[in-house]
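Inside the fold
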Amino acid sequence: MEDDNKSVSSNEENTYDTVKLISSDGFEFIIDRKCAMISGTIKNMLSSPGNFIESVQNEIHFNEIRAEILEKVCEYFYYKAKYSNAEDVPEFYIDDNLATELLMVAEYLEC
């Protein structure tokens, strides 16, 4: 039985199409792997050589990031993927109450 989350290339090992990001309060966000790879930190976690637990399990636990913040980060990943080469880019709205925390998380995630 094949895992629907995997795609196989003839020259590569099995790779996943999605990745699961888990917040400190236990919420799970399953997002496209290509969108998650916008983050330098996530990209390193998933693609570094060796058998790191994140790449083996295809999920990353963020023990310091609450669900509300991680959800906004995931929204940003999709926004960035969609508009990275666009000329007319709409504003990405960030609630003032989340701005400071999002800034710290964005720095950590390198996005």
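The sections below set out a description of the structure shown in this document. One numbering rule holds for all chains: residues counted from 1, following each sequence as written. Selection of residues for local features in this predicted model requires a pLDDT of at least 70, selection of side-chain atom pairs for listing and counting requires 80 or more, and totals for whole chains, interfaces and linings are taken over all residues. Hydrogens and water are ignored here; the side-chain numbers use all heavy atoms of the structure.

Buried means the residue's accessible area, taken with a 1.4 Å probe over protein chains only, is under 20% of the maximum for its type, while exposed means over 50%, and partly exposed covers the values in between. Under the scheme used here, helices are H or I runs from DSSP no shorter than 4 residues and strands are E runs no shorter than 2 residues, and both carry numbers assigned from the N terminus. Of all the residues in helix 5 (residues 99-109), the buried ones are L102, V105 and L109. End-on view of helix 5: buried residues confined to an arc of 65°, all on one side of the axis. Opposite the buried face of helix 5, at more than 90 degrees from it, the exposed residues are T100, L103, M104 and E107. Contacts between residues were defined by any pair of non-hydrogen atoms, one from each residue, lying within 4.5 Å. Turning to helix 5, the residues buried within the fold contact helix 2 (40-47) and helix 4 (67-83). Within two residues after helix 5, E110 carries a phi angle of roughly 55°, on the positive side. Starting at the helix axis, one direction is taken to each C-beta atom, and the arc is that of these directions.

Next up on the list: the packing of aromatic side chains. How two aromatic rings sit relative to each other is given by the distance of their centres and the angle of their planes. Note on ring pairs: Phe, Tyr and Trp rings are taken, using the six-membered ring of Trp, and paired if centres are within 6.5 Å. Classes follow the plane angle, with under 30 degrees stacked, over 60 edge-to-face and the rest tilted. In the structure shown here, the tally under the stated rule is 4 aromatic pairs. Their ring planes at 35° and their centres at 6.1 Å tell us that Y76 and Y79 sit as a pair that is tilted. With Y76 and Y79 both in helix 4, this residue pair falls 3 residues apart, about one helical turn. Summarising the aromatic geometry, the rings of Y76 and F92 are spaced 5.4 Å apart at their centres and angled 75° between planes, so their arrangement reads as edge-to-face. Here F92 lies in the loop between helix 4 and helix 5 and Y76 lies in helix 4, a separation of 16 residues in the sequence. In this structure Y76 comes out as partly exposed when scored by relative accessible area, which is 23%. One aromatic cluster is present, built from ring pairs that chain together Y76, Y79, Y83 and F92.

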